[in-house]
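As a plain string of letters, each chain reads:
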Amino acid sequence: MSVATHHPLGGEGLGTFGPEPQPLSLLINGEVRTALADPATTLVEFLRDALGLTGTKIGCDRGACSACTVWLDGEVAASCMTLAFDARERSITTIEGLSRDGELHPVQRAFIEHDALQCGFCTPGMVMSCAHLVNKNPECSLDDVKTAISGHLCRCGTYPNIFKATLAAAAASKGKAK
Ligand code: FES
Ligand code: FES
């Protein structure tokens, strides 16, 4: 998945903020989005509460469950452990930005086809980590998938179908690349 190399908000400088809320502009899913935030706002709070991007979930809110996984500059990150102001000059991708031209990412499609969710609460975070793996390594093995989601807690226990879905998505991506 490509990420912007030129940051449209670059050069703003990293100043001192707070304690009052102030406008914060972040590059999210290829668009600059602006809303008020105070310096203690986490990225997931900013996404959900300020921008209405509720696909990213809050589970533990302390870096232990990975429900809040997004990509920062194309790498997976826990958005509950990232201050929104620290995401300036980064390129943020959320589950809402994973599809392209109306087409689901192969991992999203495979999760549907392989019934890789029950309640769905962990699913956006799982998809972000599995899509990151498949994009980086379409030759990934079952062990690679297990490692990629080792920080994710699924209380419904859908792990076997998540493994199958991710390997199927990897096989499909590999086929496309040929
Ligand atoms: S909500 Fe961020 S790791 Fe659990
Ligand atoms: S599908 Fe319910 S927590 Fe994972």
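Let me sum up the structure you'll find in this document. Predicted model only: the values in this text are computed from it and were never measured. (Residues numbered from 1 in each chain as written. Chains lettered and ligands numbered in written order. Predicted model: local features only at pLDDT ≥ 70, side-chain atom pairs only at ≥ 80, totals over all residues.)

1. Concerning the environment of Arg33
Move 1: On the secondary structure map, Arg33 appears in strand S2 (residues 31–37).
Move 2: Residue classification places Arg33 among the partly exposed residues on the basis of 17 C-beta atoms within 10 Å.
Move 3: When neighbours within four sequence positions are excluded, Arg33 is seen to be in contact with Leu26, Ile28 and Leu51. (Helix = DSSP H or I, 4+ residues; strand = E, 2+ residues; numbered from the N terminus. Buried ≥ 20, exposed ≤ 12 C-beta atoms within 10 Å, placed from the backbone. Contact = placed C-beta atoms within 7 Å.)

2. Some words on helix H3 (residues 123–136)
Move 1: Between its terminal C-alpha atoms H3 stretches 20 Å, which fits the 20 Å expected from 14 residues at 1.5 Å a residue.
Move 2: Of all 14 residues making up H3, 11 are buried, and the element is well covered by its neighbours.
Move 3: For H3, every residue scored as buried is listed here: Thr123, Pro124, Gly125, Met126, Val127, Met128, Ser129, Cys130, Ala131, Leu133 and Val134. (Expected span 1.5 Å × (residues − 1).)

3. Some details on the pairing of S2
Move 1: Inspection of the sheet shows strand S1 (residues 22–28) paired to S2 by seven bridges, in the antiparallel sense. Counted as the bridge partner of Leu27 is Val32 from S2.
Move 2: Where S1 hands over to S2, the hairpin turn is made up of two residues, of which Asn29 adopts a positive phi near 55 degrees. (Pairing = 2+ DSSP bridges.)

4. Things to note about the nonpolar core
Buried together is how nonpolar side chains tend to be arranged in soluble globular proteins.
Move 1: In this structure, Ala84, Val107, Val127, Cys130 and Val134 are the most contacted members of the largest nonpolar core, which totals 44 residues.
Move 2: If you list the elements that add at least two residues to this core, you get S1, helix H1 (43–50), strand S3 (69–72), helix H2 (106–113), H3, helix H4 (142–148) and helix H5 (159–177).
Move 3: For this core, the element with the highest residue contribution is H3, accounting for seven residues.
Move 4: Counting only domains with at least three residues in this core, you end up with domain 1 (22–97) and domain 2 (106–177).
Move 5: Among residues more than four places away in sequence, those in contact with Val107 are Val127, Cys130, Ala131, Val134, Ala165, Thr166 and Ala169. (Core = buried A, V, L, I, M, F, W, Y, C linked by C-beta atoms within 7 Å. Domains from an automatic or database assignment.)

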